[in-house]
Amino acid sequence: MTNDASGFSQLNEEEQLFRMRHSAAHILAEAMLEKFPDAKYAIGPPVDDGFYYDFELPRSLTPDDLVELQKRMTQSVRANLPIHGEQIDKDAAREIFSDQPYKLELIDEIEDSTVGHFSHGEFEDLCRGGHTETTGQVGAFKLDRIAGAYWRGDENNTMLQRVYGLLFSTEEELAEYEELREQARLNDHRRLGRELDLFSTQEDYGPGLIYWHPKGARLRVEIEDTWKQAHDEGGYDLVFTPHIGRSTLWETSGHLDFFTEGMFSAMDVDGDDYYLKPMNCPFHIQIFKNDLRSYRELPMRLAELGTVYRYERSGVLHGMLRVRGFTQDDAHIICTPEQLDSEVDGVVRFVLDLLGLFNFENISATLSTRPEKAVGDSSQWDRAERALREAIERADLAYDVEDGGGAFYGPKIDFHLTDALGRRWQCSTVQFDFNLPERFDMSYVGDDGEPHRPFMVHRALFGSIERFVGILIEHYGGAFPMWLAPVQVAIIPIADRHLEHANRIGTELKAQGIRFNVDAAKERMGNKIRRAQLQKIPYMLVVGDREAEADAAAVRTRTGDDLGEIPVRELVDKFLAEIQSRS
RNA sequence: GCCACUGUAGCUCAGCGGUAGAGCAACGGUUUUGUAAACCGUCGGUCGUGGGUUCGAUUCCCACCGGUGGCUCCA
């Protein structure tokens, strides 16, 4: 392998960017070694928005260090040193990196007899390659932040210091990216959650637990109502199950073996151990097992907005996106082998229909197939994987395959959606389970009069309501479409004498179930408009003398459009139509 | 959990070895207002908790509890 960068300018943009980021990582390591000659350097790959490099250093880095490192890097870039690459044999590499334990470990693991060696100036690195021709070609970069990272991501290993850098081809693109990040910061659901009074967490009384305030709860109710209606129409039966269950249930399900670290510790009830549920499945299975089931009763589709509790380590908690108590929009489909294909097909279509209501840019899927260690026989796996794959293809969905990425108990499809800021999120899952039917000895009587083991599929559309709402908040930047907006209309009387007309409009809206508030504060109209804007209320109805006279309102939208004076009757129809259309 | 940073009024933040300050919000008053902030005033904090150093700690040190950004997996 050589540094095949001779045609750098002919490469496509993506490959160029990859190489620029990769080379910048080397230049960062070079700067770090200059600053700390004793530094041990580990790995430094390109990432989505730039690059990073991991180091073991004599002391913790400070933000000031980044400034200095950036300066040193700039010098190296200005020097425009050629980057050389070659293959050398392992012994030579061990010699070069004799005081670099991480490099030595990497060399040992490489299977070839030779390894890649890249250098520029005095700097040398072990590297499989993919670089710019010179250090001057790396584009616009900025050292961004310092973070801890375990060597190879394993918490049993040393904690290294990771320096992240942003890198783009041009200064403009770098600035654009930082602007996008600033936008994301403004749209952060934790910030908007507070500003719009949607939810809170009470750190003193239990981190990772969500308190839904009235406006956030309104949002949730709208989503759940839609969900329930869709499930009624989609052939599901809604159920409710307990929040705790005796240890015997979790022994049978196997959760006490393979999911204990995710469960809260037991509570004692009359000498028995009970556990808060981390999943709903064992309960739904009990409903199935409560009777002798005939094939005529299948498919059985049991759905529940089931609140589960999982222990998450303190460091990973994050607003509504990563919590310790959340509500899954869970369902379990129990069916015969013959029904498999149409059920899977139906679920995939169902997912797409429901997600379609929320204006996400695009939805893609990942199919995860059988891993090394798996339960169930391979014909079952093949059959299930085929059903999943065909369903995705019939739905004409973009997908990729993660070979061996499935859980030990079954293959699955994960759905990813892209939000308004271009970020991808995983919400929906369709997951086969060959484990629980076995463990709980589930069966139905077939038309041959014999017992048969049913297929079982877990599925969630939103995943968790908490996470989904968190994503929605960021996706819409708090400016929810009419049907979701906690307050749909702000009525703004100009002076006290217009309050009566304002209230009269309120009465009409209320009769139609439209959510509004009348801002009767002792403030000027301008300030009331500002307050409604900041609350991102879709419509503002300004009422003064003229409007009271005409039984109308002057309508302004939160986007700043002035729709002029509209009669109240007309307004109600307009609002209802917009809510109805869910646009 | 681990690494780094961080915790001052409801929010955003300043301050710093001599027991605290701004803007916004809230509350009261004056103004009765025409499309993103009228004016005046008032209230509000055992400076995250506990310990230590000191004549004296919000400030320095330690521990704990949270938060933020990362690290593995996951909704």
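Residues numbered from 1 in each chain as written. Chains lettered and ligands numbered in written order. Predicted model: local features only at pLDDT ≥ 70, side-chain atom pairs only at ≥ 80, totals over all residues. Heavy atoms only, no water.

### Here's the deal with the protein's contact with RNA strand B
Within the structure, RNA strand B sits among 52 residues, and Y150, E312, R322, R530 and E547 are positioned closest to it. Put simply, 46% of the atoms of RNA strand B that lie within 4 Å of the protein are in sugar or phosphate. Taking G315, its main chain carries an N or O atom lying 3.4 Å from a base nitrogen of RNA strand B. Note that a sugar or linking oxygen of RNA strand B is positioned 3.1 Å from one of the side-chain N or O atoms of R556. (Near = heavy atom within 4 Å. Polar contact = N/O pair within 3.5 Å; in protein donor to acceptor, adjacent residues only side chain to side chain.)

### Some details on the sheet that holds strand β22 (residues 444-445)
Spatially, β15-β22-β23 is the arrangement adopted by the 3 strands of the open sheet, whose pairing is mixed. Each edge of the open sheet is held by one strand with a lone partner, namely β15 (293-294) and β23 (451-452). Bridge count between β15 and β22: 2 bridges; the pairing is parallel. Looking at β22, one finds that R293 is bridged to Y444. (Pairing = 2+ DSSP bridges. Helix = DSSP H or I, 4+ residues; strand = E, 2+ residues; numbered from the N terminus.)

### Thoughts on the pattern of salt bridges
Tallied over the full model, the rule gives 37 salt bridges. Where E178 meets K142, a salt bridge forms, and the shortest distance between an N and an O atom there is 2.9 Å. Placement of the pair is E178 in helix α5 (residues 171-186) and K142 in strand β7 (residues 140-150), with a sequence separation of 36 residues. Residue R220 is joined to E466 by a salt bridge in which the shortest nitrogen-to-oxygen separation is 3.6 Å. Placement of R220 in helix α7 (residues 214-233) and of E466 in helix α14 (residues 465-476) is noted, with a sequence separation of 246 residues between them. (Salt bridge = Lys/Arg side-chain N within 4 Å of Asp/Glu carboxyl O.)

### Describing the pairing of strand β3 (residues 50-56)
Counting buried residues along β3, 6 of its 7 residues qualify, which places the element largely inside the surrounding structure. By the bridge criterion, 2 bridges tie strand β1 (residues 40-41) to β3 in an arrangement that is antiparallel. By the bridge assignment, Y41 is partnered in β3 with F55. Across 2 bridges, strand β2 (residues 46-47) lies against β3 in antiparallel orientation. When the bridges of β3 are listed, P46 appears paired with F51. Where β2 hands over to β3, the hairpin turn is made up of 2 residues, counted between the paired strands. (Buried < 20%, exposed > 50% of the residue type's maximum accessible area, 1.4 Å probe, protein only.)

### Concerning unusual backbone geometry
Only a minority of non-glycine residues have a phi that is not negative, and only a minority of peptide bonds are not trans. In the segment running from L298 into P299, the intervening peptide bond is cis, with an omega of 0 degrees. When you line up the elements, P299 lands in the loop between β15 and β16 (300-309). Positioned with a positive phi, N80 is a non-glycine residue whose angle comes to about 50 degrees. Mapped onto the fold, N80 is located in the loop between α2 (63-79) and β4 (84-89).

### Describing the pairing of strand β19 (residues 398-402)
Sheet analysis places strand β18 (residues 363-368) next to β19, joined by 5 bridges and oriented parallel. By the bridge assignment for β19, S364 is matched with A398. In terms of handedness, the path from β18 via helix α12 (residues 378-394) over to β19 forms a crossover that is right-handed. (Right-handed = clockwise from strand over helix to strand, strands pointing away.)

### Considering the domain arrangement of chain A
Assigned domains within chain A: domain 1 (8-170), domain 2 (193-241 + 280-475) and domain 3 (489-581). For domain 2 versus domain 3, the separation of C-alpha centres amounts to 40 Å. Counting residues at the interface gives 5 residues for domain 2, matched by 4 residues for domain 3. Contact between domain 2 and domain 3 buries roughly 340 Å² in total, counting both sides, with carbon and sulfur atoms accounting for 47%. (Domains from an automatic or database assignment. Contact = heavy atoms within 4.5 Å. Buried area = accessible area lost by both parts, 1.4 Å probe.)

### Quick word on the packing of aromatic side chains
Two numbers describe a pair of aromatic rings. These are the distance of the centres and the angle of the planes. Following the criterion strictly, the structure yields 22 aromatic pairs and no others. Judged by centre distance (6.5 Å) and plane angle (85 degrees), the ring pair of F264 and Y311 falls under edge-to-face. Within this pair, whereas F264 is found in the loop between α9 (255-258) and β13 (267-269), its partner Y311 is found in the loop between β16 and β17 (325-335), the two being separated by 47 residues in sequence. For F264, a relative accessible area of 25% gives the class partly exposed. By relative accessible area, Y311 is classed as partly exposed at 36%. By the ring-pair criterion, three or more aromatic residues cluster together here, those being F358, F360, F462, F468 and W483. Geometry around F288 places R293 over its ring, the cationic atom sitting 5.9 Å from the centre. Residue placement shows R582 over the ring face of W483; its charged tip is 4.9 Å from the ring centre. (Phe/Tyr/Trp six-rings, centres within 6.5 Å; stacked < 30°, edge-to-face > 60°. Lys NZ or Arg CZ within 6 Å of the ring centre and 35° of its normal.)

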